[in-house]
Amino acid sequence: QVQLVESGGGLVQAGGSLRLSCAASGSIFSINAMGWYRQAPGKQRELVAQITSVGRTNYADSVKGRFTISRDNAKNTVYLQMNSLKPEDTAVYYCNAAGVLTTTYIWDDYWGQGTQVTVSS
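Residues numbered from 1 in each chain as written. Predicted model: local features only at pLDDT ≥ 70, side-chain atom pairs only at ≥ 80, totals over all residues. Heavy atoms only, no water.

J.: Please explain the overall build of the protein as it appears in this structure.
T.: If you tally the helices and strands in the protein, you get 0 helices and 11 strands. Traced from its N-terminal end to its C-terminal end, the protein shows the element sequence β-β-β-β-β-β-β-β-β-β-β. A compact globule built from 121 residues would reach a C-alpha radius of gyration of about 14 Å, and the protein, at 14 Å, matches this within 12%. Per-residue burial for the protein yields a buried fraction of 43% across its 121 residues. Here the contacts in the protein between residues at least 6 apart in sequence split such that 55% fall between residues at least 24 apart. Accessible surface for the protein amounts to roughly 6,500 Å². Of this, 48% is attributable to carbon and sulfur atoms. Taking the 10 positively charged and 8 negatively charged side chains of the protein as two groups, their mean positions are separated by 5 Å. (Helix = DSSP H or I, 4+ residues; strand = E, 2+ residues; numbered from the N terminus. Rg over C-alpha atoms; globule rule 2.2 N^0.38 Å. Buried < 20%, exposed > 50% of the residue type's maximum accessible area, 1.4 Å probe, protein only. Contact = heavy atoms within 4.5 Å. Areas by Shrake-Rupley, 256 points an atom, 1.4 Å probe, with all protein chains shown as cover. Lys, Arg positive; Asp, Glu negative; His and termini not counted. Charge placed at Lys NZ, Arg CZ, Asp CG, Glu CD.)

Put into C-alpha cells, the structure is as follows:
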C-alpha cells in the first residue's frame with residue numbers, strides 16, 4: 001500500500017507565499033511523475049504542476065512564473081513553492097503520484113487527501 005501525506009496549506013493574503021509538501025510512503029520501488037492538482041468549489045480538478053523522475057516539469061499557464069515544483073527522489077517527496085498568490089488560487093490542492101511501481105510489481109496512481117489553500121484579497 002502507498003500513502004501520500006500533504007502538508008503546508010493554509011490562509012495567506014494576496015501576494016503572499018506558501019510551500020506545499022507531499023511525502024509518499026509504503027512499498028515503493030519507483031515513481032514516474034509527481035504533481036499537484038487543485039479543485040476550487042464548483043470547478044473541475046485541474047493540473048497545477050507536475051515533475052517527472054528526471055526533473056522534467058509541466059505547469060498550468062495560470063501559475064507559470066509564480067509556482068515552482070521540485071522533487072526529492074530519495075525521499076519520494078514533492079514540493080510546490082507558491083509565490084505571488086492570488087485569490088483565484090484558492091482551492092483544495094491534491095498531491096498525485098503517477099506510475100508508481102511497488103515492490104510487489106503493481107503499477108498504479110495515488111492521490112493525497114488534499115490540503116486547503118485560501119488566498120484572501
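J.: Would you mind going over the environment of S27 with me for this structure?
T.: In this structure, S27 sits in the loop between β3 (18–26) and β4 (28–39). Residue S27 is classed as partly exposed on the basis of its relative accessible area, which comes to 33%. Through-space distance from the C-alpha of S27 to that of Y105 is 9.8 Å; in sequence the pair is 78 residues apart. Here S27 is in contact with Q1, L101, T102 and T103, once residues within four sequence places are set aside.

J.: Can you walk me through the nonpolar core in this structure?
T.: Nonpolar side chains tend to gather and get buried jointly when the protein is soluble and globular. W36, L80, M82 and Y93 are the most contacted members of the largest nonpolar core, which totals 31 residues. With 5 residues, strand β9 (residues 91–102) is the largest single contributor of residues to this core. In this structure, L80 is in contact with L18, R19, L20, W36, V48, A49, F67, T68, I69 and Y93, ignoring residues within four places of it in sequence. (Core = buried A, V, L, I, M, F, W, Y, C linked by side-chain atoms within 4.5 Å.)

J.: Any chance you could explain the environment of D109 here in plain terms?
T.: Looking at the element boundaries, D109 is found in strand β10 (residues 107–111). Note: C-alpha distance between D109 and G42 (67 residues apart in sequence) is 24 Å. Filtering out sequence-adjacent residues up to four positions away, D109 remains in contact with A97, A98 and G99. Among the polar contacts made by the side chain of D109, one reaches the main-chain amide nitrogen of G99 at a distance of 2.8 Å. (Polar contact = N/O pair within 3.5 Å; in protein donor to acceptor, adjacent residues only side chain to side chain.)

J.: I keep staring at the state of the cysteines and nothing clicks. Help me out?
T.: What makes a disulfide is a covalent bond joining the sulfur atoms belonging to two cysteines. Inspection of every chain in the model, using the stated rule, returns 1 disulfide. There is a disulfide in this structure between C22 and C95, and the S-S distance comes to 2.0 Å. Given an S-S torsion of about -85 degrees, the disulfide between C22 and C95 has left-handed geometry. With C22 in strand β3 and C95 in strand β9, the pair connects residues that are 73 residues apart, well separated along the chain. In this pair, the class of C22 matches that of C95, namely buried. (Disulfide = S-S within 2.5 Å.)

J.: Is there a simple way to think about the pattern of salt bridges in this case?
T.: Note that side chains of opposite charge can pair when their charged atoms are close. Per the stated rule, a full pass over the model turns up 4 salt bridges. Note that R66 is salt-bridged to D89, the shortest N-O span being 2.8 Å. Placement of the pair is R66 in the loop between β6 (57–59) and β7 (67–72) and D89 in the loop between β8 (77–82) and β9, with a sequence separation of 23 residues. Each member of the pair, R66 together with D89, is buried. Taken together, the salt bridges that share partners define one network made up of R38, E46, R66 and D89. (Salt bridge = Lys/Arg side-chain N within 4 Å of Asp/Glu carboxyl O.)

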